[in-house]
Amino acid sequence: MPILVMKFGGTSVGSLDRIHRAAKRIGREVANGYDVIVIVSAMSGETNKLVGYVEETSPLFDAREYDAVVSSGENVTAGLMALTLQEMDVPARSWQGWQVPVRTTSAHASARIEEIPSDNILAKFSEGMRVAVVAGFQGISPEGRITTLGRGGSDTTAVAFAAAFEAERCDIYTDVDGVYTTDPRITAKARKLDRIAFEEMLELASLGAKVLQTRSVELAMRYNVKLRVLSSFEEPSDEAGTLVCAEEDIVESNVVAGVAYSREEAKLTLTHVEDRPGIAAAIFGPLADAGVNVDMIVQNISDAGTTDMTFSCPVNEVKRAEKALAAAREANEIGFAELIADTEVAKVSIVGIGMRSHAGVAAKMFKTLRDEGINIKVITTSEIKVSVLIDRKYMELAVQALHDAFELDKAA
Ligand code: ASP
Ligand code: MG
């Protein structure tokens, strides 16, 4: 029988009643002829609560015990979901990660899945079981310890199972009804997309459209897993949700698929840095070692042997960046006149695979911002994205203006 993967996020299994509603959807797919692998998250709020317990007990916690504790939320929902299905006469049982086993690296709290053997679950399907309920977010390390995949990791569990079992599709049930052209809280004109390409979703996910864990989209792209994002609170239909798929499966699309933003950004500038080979390595090496996630980087033209170097990072990493740069200066690895931090900036980006074949998209973005009187502080571009750093207070305005300018409220 064909296999379908269905993943239910925290709000979709947030109460016994909701678990029951999810189970009814699963039962419908079983009736449609699928063997179903269900991946469940912890009930909403549970993982945060468990993380809180760990931090309160042991501020410098042992990451292996952190994983032992925070993975447990998923175990509860997996068992409850299997019980609910059994009550509905659907043959089902639960699996914790180690039972499958979901083999991962030993990077506790951010482990990567290495292998998912399918024999165990397939054997049960061939014996007449119809639903395997698997606890998401967790696995087992080569050392035999429980691991977790990082927050939001059950999306990645779901895609990894879909790849390992060559599932027909991976349906991600969440509390939003799909992927939008931008955040509907910023403009009411935001439109749900029927389809979006993996590359576009990847840019939107990493830019802060928090629908899917970024790694799950990377994995789906690598193994060409068709991903559908849909709401568990909407009536089932073939048109429901957004399909995240390969570019070839999209017939028509707008040049720009969406406008993304990231509100909490900061811009740091080092003035009068010596302009010599190795200076970028001397600056960004210590920042990387300090765990600062540097995003955009601009180096100015050299003047009398020195240059200004500007970069952006999340606002809550500014202190760490300042400390790392001060230490590098202290150790005589770098020299600079001043470190200027602007912590009131935001990043706004337009994303679309159509940009590869259309000229003038960036120019249109800049004109739109000019017409709104918004100053651009830093620009970066890639093949399918243009990002600008602007004053945070204009972020909403910029998103709305760009959404209008590229007519994202209209389908292609
Ligand atoms: N429960 C975990 C979390 O909140 C994993 C997930 O739901 O994806 O991060
Ligand atoms: Mg999630």
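Position numbers for residues start from 1 in each chain and track the written sequence from start to end. Each chain takes a letter, starting from A, and each ligand takes a number, starting from 1, following the order in which they are written. Given that this is a predicted model, residues contribute local features only at a pLDDT of at least 70 and side-chain atom pairs are listed and counted only at 80 or more, while totals for whole chains, interfaces and linings are drawn from all residues. To get the side-chain values, all heavy atoms of the structure are used, and hydrogens and water are removed first.

Where an unreviewed UniProt entry is consulted, the protein chain appears under the name Aspartokinase, with the organism given as Roseicyclus elongatus DSM 19469. Taken from UniProt, the Catalytic activity (unreviewed entry) comment for the protein chain reads in full: "L-aspartate + ATP = 4-phospho-L-aspartate + ADP". UniProt positions are given in the numbering used here, feature names are shortened, and annotations may be inferred rather than shown by experiment.

(A) Expanded view of the overall build of the protein chain. Put simply, DSSP marks the helices as runs of H or I at least four residues long and the strands as runs of E at least two long, and each gets a number from the N terminus on. Helix and strand counts for the protein chain come out as 12 helices and 18 strands. Note on method: radius of gyration uses C-alpha positions; expected globular size equals 2.2 Å times residues raised to 0.38. Radius of gyration (C-alpha) of the protein chain: 24 Å, near the 22 Å computed for a compact globule of 412 residues. Taken along the three principal axes of its C-alpha coordinates, the protein chain extends 80 × 50 × 30 Å. Across the 412 residues that make up the protein chain, the buried fraction comes to 50%. For the protein chain, contacts bridging at least 24 residues in sequence account for 75% of all contacts bridging at least 6. Split by element, the accessible area of the protein chain, about 18,800 Å² in all, is 48% carbon and sulfur. Type-normalised accessible area, obtained with a 1.4 Å probe on protein chains alone, sets the label of each residue: buried when under 20%, exposed when over 50%, and partly exposed for intermediate values. Two residues qualify as a contact provided that any one of their heavy atoms is within 4.5 Å of a heavy atom in the partner residue. For accessible areas, the Shrake-Rupley method is used with a probe of radius 1.4 Å. Any residue's cover is judged against the shown protein chains and nothing else.

(B) View of the sheet that holds strand S16 (residues 339-351). An order of S14-S15-S13-S16-S18-S17 is seen for the six strands of this open sheet, with the pairing classed as antiparallel. Taken across any chain shown, the strands that pair with only one partner, and hence form the sheet edges, are strand S14 (297-299) and strand S17 (378-382). Strand-to-strand twist across the sheet, computed as the mean angle between neighbouring axes with direction ignored, equals 25°. Its contacts with the sheet place helix H12 (residues 395-405) against strand S13 (258-274), S16 and strand S18 (385-391), and it is angled at close to 120° to S13. Criterion used throughout: strands pair if DSSP finds at least two bridges between them. The convention used is that axes are lines fitted to C-alpha atoms, helices contributing only their stretch in contact, and that angles between N-to-C directions extend from 0 to 180 degrees.

(C) Just the layout of surface pockets, in detail. Using a 1 Å grid laid over the protein atoms alone, points where a 1.4 Å probe fits but cannot get out form a cavity; open sets with protein on both sides within 12 Å along at least 5 of 7 lines form a pocket; any residue with an atom within 4 Å of a point counts as lining. Grid points are joined across faces, edges and corners, and a volume is the space filled by probe spheres set on the points. The space that makes up the second largest pocket amounts to roughly 440 Å³. Arg169, Arg228, Ser237, Asp238 and Glu239 are the residues nearest the centre of the second largest pocket, which is lined by 22 residues in total. Elements represented by at least two residues in the lining of the second largest pocket include exactly helix H1 (16-31), strand S9 (169-174), strand S11 (227-231) and strand S12 (242-245). As a working rule, the residues Ala, Val, Leu, Ile, Met, Phe, Trp, Tyr, Cys and Pro are called nonpolar, Asp, Glu, Lys and Arg charged, and the rest polar, with Gly in that last group. Considered class by class, the residues forming the lining of the second largest pocket number five nonpolar, five polar and 12 charged.

(D) Expanded view of the sheet that holds strand S3 (residues 92-95). Spatially, eight strands are ordered S3-S6-S2-S1-S9-S11-S12-S10 in an open sheet, and the strand pairing comes out mixed. Pairing within the sheet leaves two strands with one partner each, and these edge strands are S3 and strand S10 (195-197). Neighbouring strand axes in the sheet, compared pairwise and without regard to direction, differ in orientation by 20° on average. Across three bridges, S11 lies against S12 in antiparallel orientation. Considered in S12, the bridge of Leu227 is made with Val244. Along the sheet face, H1 touches strand S1 (3-8), strand S2 (35-40), strand S6 (131-135), S9 and S11 and points at about 170° away from the line of S1.

(E) Structural detail: the site of ligand 1. The nearness test applies per residue and asks whether one of its heavy atoms lies within 4 Å of the molecule or strand. Neighbouring ligand 1 are Ser41, Ala42, Thr47, Glu74, Phe137, Arg151, Gly152, Gly153 and Ser154. Polar contact is defined as a pair of N or O atoms within 3.5 Å, subject to the rule that within protein one atom must be able to donate a hydrogen and the other to accept it, and that residues adjacent in sequence are counted only when both atoms are side-chain atoms. In the model, a nitrogen atom of ligand 1 is placed 2.8 Å from a nitrogen or oxygen of the Thr47 side chain. At 2.6 Å from a nitrogen atom of ligand 1 is found a side-chain nitrogen or oxygen belonging to Glu74. Across the complex, the protein chains shield 86% of the 260 Å² of accessible surface that ligand 1 would expose by itself.

(F) Structural detail: unusual backbone geometry. Of note, the bond from Val100 into Pro101 is cis; its omega dihedral lies within 30 degrees of zero at -10°. Topologically, Pro101 is positioned in the loop between S3 and strand S4 (103-104). Backbone geometry at Phe137 places phi at a positive 80°, although glycine is not the residue there. Non-glycine residue Asn332 carries a positive phi angle of around 60°.

(G) Up close: the UniProt feature "domain: ACT" (unreviewed entry) in the protein chain. Cross-referencing UniProt, the feature "domain: ACT" (unreviewed entry) maps to residues 268-353 in the present numbering. Secondary structure across residues 268-353 divides into 28% helix and 37% strand, with the first and last C-alpha atoms of the span separated by 30 Å.

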